[in-house]
Each structure stands twice: as C-alpha cells, then as structure tokens.
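So you can see what is in the structure, the chains are spelled out below.
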Amino acid sequence: VYTAPVMFLLYYLVFVAEDWRWPTLSRGLWLLLPYVVLAGLGFYLGVMRWAWSVEVYWWKWGRWEYLLTQASVIVEYIKLLVLPLPRWLNVDVDFPVSRGLWEGHTLFSVGVIAILVGTSILLLKRNLSAGPPGEGKILAFGVLWFFITLSPSSSVIPIGEVMVVYRLYLPSIGFCLVWVICIHKALGYLWGRGGFGTGGALVAEILVFSSI
C-alpha cells in the first residue's frame, strides 16, 4: 500500500508520459496526490510512530545494522528466485547480521544492488521516447518494481525477522518480468547463432517457460 503511489508514478513515467519534464510530470503528480496523502498518513500512523520510538531497540540491531543486513538479504532473495534449490529453502532463516559496510558479503551485496538500480535508470534514460513499451523499459520497470515493493521490509525500519521468503510475493512480479525478457533474449541469440530461425526459438521458449 505504501509503495503503490510510487509504482503508479513510475508506470506513468515509463509507459505513459512522453518525457520527464515538468509539464508532463505535473499531470502524473496531480493524479497521484490523493493516494500519496493517504499513504503518507497511513505510514505515519501505522509505522513511524512505532518504529522511531525507543521500543525499536529491544532487538539486537539498530537501523544502520538492519539496513546493511538487508543488502545481503536482497541478494539472497535474488539467488533464491533465480535458483530455488531445496537445500537453500528454509521457513526460518538464521541470517547473519551485518555490523559494518566493509564486511565482504555486505560490500558485495551493496555493489550488486547499485549496479542493478544504476543500470535500470540508464535504460530508462535511453528509452524515454514515446511509443510502445520496448524491452529496455520493461527491464528497468521490473528491476525498480522489485526494489521499490521490497523497500517497506528491507530498509531502515527494523523488523523482528531479518529474512522471510513470503516478503517476495509482490516483488517477484518485477523479477518475473526481467526473467522472461532475459530468457527470451538469450534463446533468440542462441537460436539465431545456430541458424534455427525464430520458430525454433519460440518452441524453446515454450518448453523453458513450461518447465519453470
């Protein structure tokens, strides 16, 4: 609910607006204003008055440690979505808490997230022209969808459980958009190199997605 106005605005900018200059942007902002006010009010009454009180410190980590830990958690989420092996699945994950940015796994995770978000923004800037949504726009939208919808549980507000797989239900929609396009491009490239034509690539895509 809290991220819905942001996603509405992102959808408007990516697939509807002709550009991101102020006259065009202002039309989208006016449409979203009531939802932004309601989401902000609900966030303040339902989360902020509780999360920023002293009661939050009964956990063993503060906001900074939780934020750093979530960087590694997000990379772990991506790993599970790409390759959900049974030995990696657990209903009660005992995930280690990060105490500093310069820990190896934390720094690696922050770098991965920065590359993904930065690449998606670059894709958007290169595909701002009006017209039907191209693969670049959809890829960028899917990546940003994943991170934005995951942000309520993976940000600076500590939650009792560091990593819970059911938090991926809504963010996985963005991941699926990206995954489908990546498989489509990879199979098209391989089939084109092999000289099998578009028909063979289509059959291969159907088999791959059916198995998934």
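Provided above is the structure to which this section pertains.
Just so you know, these numbers come straight off a predicted model, no measurement behind them. (Residues numbered from 1 in each chain as written. Predicted model: local features only at pLDDT ≥ 70, side-chain atom pairs only at ≥ 80, totals over all residues. Heavy atoms only, no water.)

1. Description of the overall build of the protein chain
Formally: The helix and strand labels rest on DSSP assignments: H or I over at least four residues marks a helix, E over at least two residues marks a strand, and numbering proceeds from the N terminus. The buried label goes to any residue with under 20% of its type's maximum accessible area, the exposed label to any with over 50%, and the partly exposed label to all in between, with areas taken from a 1.4 Å probe on protein chains only. Contact criterion: two residues are considered in contact whenever any of their non-hydrogen atoms come within 4.5 Å of each other. Note on areas: these come from Shrake-Rupley sampling with a 1.4 Å probe, and a residue is covered only by the protein chains present in the view.
When helices and strands are tallied, the protein chain shows seven helices and zero strands. Each helix (α) and strand (β) of the protein chain, taken in turn from the N terminus, gives the series α-α-α-α-α-α-α. Taken over 212 residues, the protein chain has a buried fraction of 34%. Across the protein chain, every contact between residues at least 6 apart in sequence was considered, and the portion connecting residues at least 24 apart equals 72%. Counting every atom, the protein chain has about 13100 Å² of accessible surface; 71% of that belongs to carbon and sulfur.

2. Structural notes on the layout of surface pockets
This is how it is decided: Here a cavity denotes a set of grid points, spaced 1 Å apart and computed over the protein atoms alone, in which a 1.4 Å probe fits but from which it cannot get out, and a pocket denotes an open set meeting protein on both sides within 12 Å along at least five of seven lines; residues with an atom within 4 Å of a point are reported as lining. Grid points are joined across faces, edges and corners, and a volume is the space filled by probe spheres set on the points.
Put simply, the largest pocket is a space of about 330 Å³. Lining the largest pocket are 19 residues, with Ile78, Leu116, Val143, Phe175 and Val178 sitting closest to its centre. For the lining of the largest pocket, the elements supplying multiple residues, two or more each, are α3 (63-82), α4 (104-126), α5 (135-150) and α6 (171-194). Estimated volume of the second largest pocket: approximately 270 Å³. Considering the residues around the second largest pocket, the lining is formed by 11 residues, among which Tyr2, Thr3, Phe43, Ser151 and Pro152 are closest to the centre.

3. Some points on the environment of His184
Looking at the secondary structure, you find His184 in helix α6. On the basis of relative accessible area, His184 is assigned to the partly exposed category, the value being 33%. Along the sequence, His184 and Val208 sit 24 residues apart, while their C-alpha atoms lie 9.8 Å from each other. Residues in contact with His184, not counting those within four places in the same chain, are Glu135 and Glu205.

4. What to know about α4
Where we set the bar: A helix is expected to reach a length of 1.5 Å times the quantity of its residues less one.
Taking 1.5 Å of rise per residue, the 23 residues of α4 would be expected to cover 33 Å, and the 33 Å separating its terminal C-alpha atoms lies within 8% of that figure. Looking at α4, one finds that the buried residues are Thr106, Ser109, Ile113, Ser120 and Leu124. Structurally, α4 contributes buried residues whose contacts are with α1 (4-16), α3 and α5.

5. So, a nonpolar patch on the surface
Here is the rule we go by: Patches in this entry comprise residues that are over 30% relatively accessible and not in a salt bridge; like charges within 9 Å are linked, as are nonpolar side chains (Val, Leu, Ile, Met, Phe, Trp, Tyr) within 5 Å. A side-chain nitrogen of Lys or Arg and a carboxyl oxygen of Asp or Glu constitute a salt bridge if their distance falls within 4 Å.
A grouping of Trp30, Leu33 and Val37 is seen on the molecular surface, where their side chains present a nonpolar patch of about 360 Å² in accessible area. Relative to the helices and strands, Leu33 is located in helix α2 (residues 22-51).

6. Considerations on the pattern of salt bridges
It is possible for side chains bearing opposite charge to pair when their charged atoms get close. For the structure on display, the rule yields one salt bridge. A salt bridge links Glu76 to Lys79; its shortest N-O distance comes to 3.1 Å. Here Glu76 pairs with Lys79, and both are found in helix α3, just three residues apart, close to one helical turn.

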